[in-house]
Amino acid sequence: MALLVTLGALTVSYASFPVQRAADNNVTVVESNDDDLSSPAAVGGGKSQIIALILCALVGGLGVHRFYLGYTWQGIVQLLTLGGCGVWSLIDLIRIITGSLEPKNDSYTTTF
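Figured I'd write up the structure that's included with this text. All values derive from a computational prediction rather than experimental measurement.

### Comments concerning the overall build of the chain
Part 1 of the reasoning: What the chain contains, in helices and strands, is six helices and four strands.
Part 2 of the reasoning: Helices (α) and strands (β) of the chain occur, in sequence order from the N terminus, as α-β-β-α-β-α-α-α-α-β.
Part 3 of the reasoning: In the chain, which comprises 112 residues, the share counted as buried stands at 18%.
Part 4 of the reasoning: Long-range contacts, defined here as pairs at least 24 residues apart, represent 41% of the contacts in the chain between residues at least 6 apart.
Part 5 of the reasoning: Carbon together with sulfur atoms contributes 65% to the accessible area of the chain, which is approximately 8,000 Å² in total.

### Remarks on the packing of aromatic side chains
Part 1 of the reasoning: Per the counting criterion, the structure on display carries zero aromatic pairs.
Part 2 of the reasoning: The residue whose ring lies beneath Lys 47 is Tyr 68, and the NZ or CZ to ring-centre distance is 4.8 Å.
Part 3 of the reasoning: The lysine or arginine in question, Arg 66, covers the ring of Tyr 71, its NZ or CZ lying 5.4 Å from the ring centre.

### Things to note about the nonpolar core
Part 1 of the reasoning: Listed in full, the seven residues of the largest apolar core are Ala 52, Cys 56, Leu 69, Tyr 71, Ile 96, Leu 101 and Tyr 108.
Part 2 of the reasoning: Non-local contacts of Ala 52, meaning those with residues more than four positions away in its chain, are made with His 65, Tyr 68, Leu 69, Ile 96 and Tyr 108.

### Describing the packing of helix H3 (residues 49–59) against helix H6 (residues 87–98)
Part 1 of the reasoning: Contact geometry of H3 with H6 gives a least axis separation of 10 Å together with a crossing angle of 160°. The pairing of H3 with H6 is recorded here as roughly antiparallel in orientation. Taken as a pair, H3 and H6 cross one another with a handedness that is left-handed. Counted together, Gln 49, Ala 52, Leu 53, Cys 56 and Ala 57 of H3 and Ser 89, Asp 92, Leu 93, Ile 96 and Ile 97 of H6 form the full contact between these two elements.
Part 2 of the reasoning: A class-by-class count of the residues in the contact of H3 with H6 yields seven nonpolar, two polar and one charged.

### Quick notes on the side chain of Gln 49
Part 1 of the reasoning: Within the fold, Gln 49 resides in helix H3.
Part 2 of the reasoning: Residue classification places Gln 49 among the buried residues on the basis of a relative accessible area of 5%.
Part 3 of the reasoning: Ignoring any residue separated from it by four or fewer positions in sequence, one finds Gln 49 in contact with Ile 96, Ile 97, Gly 99, Tyr 108, Thr 110, Thr 111 and Phe 112.

### A look at unusual backbone geometry
Part 1 of the reasoning: Its identity is not glycine, yet Leu 82 carries a phi of approximately 55°, on the positive side.
Part 2 of the reasoning: Within the secondary structure layout, Leu 82 lies in helix H5 (residues 72–85).
Part 3 of the reasoning: Classification of Leu 82 by relative accessible area gives exposed; the value is 54%.
Part 4 of the reasoning: Its identity is not glycine, yet Cys 85 carries a phi of approximately 55°, on the positive side.

### Structural notes on the environment of Ala 52
Part 1 of the reasoning: Structurally, the position occupied by Ala 52 is in helix H3.
Part 2 of the reasoning: Exposure remark for Ala 52: the relative accessible area of 0% places this residue in the buried category.
Part 3 of the reasoning: Along the sequence, Ala 52 and Leu 69 sit 17 residues apart, while their C-alpha atoms lie 7.3 Å from each other.

Conventions adopted
- Residues numbered from 1 in each chain as written.
- Predicted model: local features only at pLDDT ≥ 70, side-chain atom pairs only at ≥ 80, totals over all residues.
- Heavy atoms only, no water.
- Helix = DSSP H or I, 4+ residues; strand = E, 2+ residues; numbered from the N terminus.
- Buried < 20%, exposed > 50% of the residue type's maximum accessible area, 1.4 Å probe, protein only.
- Contact = heavy atoms within 4.5 Å.
- Areas by Shrake-Rupley, 256 points an atom, 1.4 Å probe, with all protein chains shown as cover.
- Phe/Tyr/Trp six-rings, centres within 6.5 Å; stacked < 30°, edge-to-face > 60°.
- Lys NZ or Arg CZ within 6 Å of the ring centre and 35° of its normal.
- Core = buried A, V, L, I, M, F, W, Y, C linked by side-chain atoms within 4.5 Å.
- Axes fitted to C-alpha atoms, helices over the stretch in contact; angles between N-to-C directions.
- Parallel < 35°, antiparallel > 145°, perpendicular 65-115°, else oblique.
- Left-handed = near helix turned anticlockwise from the far one by under 90°.
- Nonpolar A, V, L, I, M, F, W, Y, C, P; charged D, E, K, R; others polar.

So this is what it looks like as structure tokens:
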């Protein structure tokens, strides 16, 4: 019985990507779910230079600012080396202030 209910639920559900469905009168209907910007992260996708500076100043040794800016591997290395014993974090702090350390494949939406 549970299997029938599960199969019935699967046949009624709709996909979240464009699907072609044939209508009764031989017309093809394309359904599209245009919710590309429905999540708060997608809507506010820009990065702030101020937030990056605060993260670098407070927890720079953990590389949190690198994760925030999209540099995952550099963030992991900074996490493992404690920010290059503080030297790498200090360099990143200066680079964020001067604007030479920008988000990966993007630029800051909010600057000083």
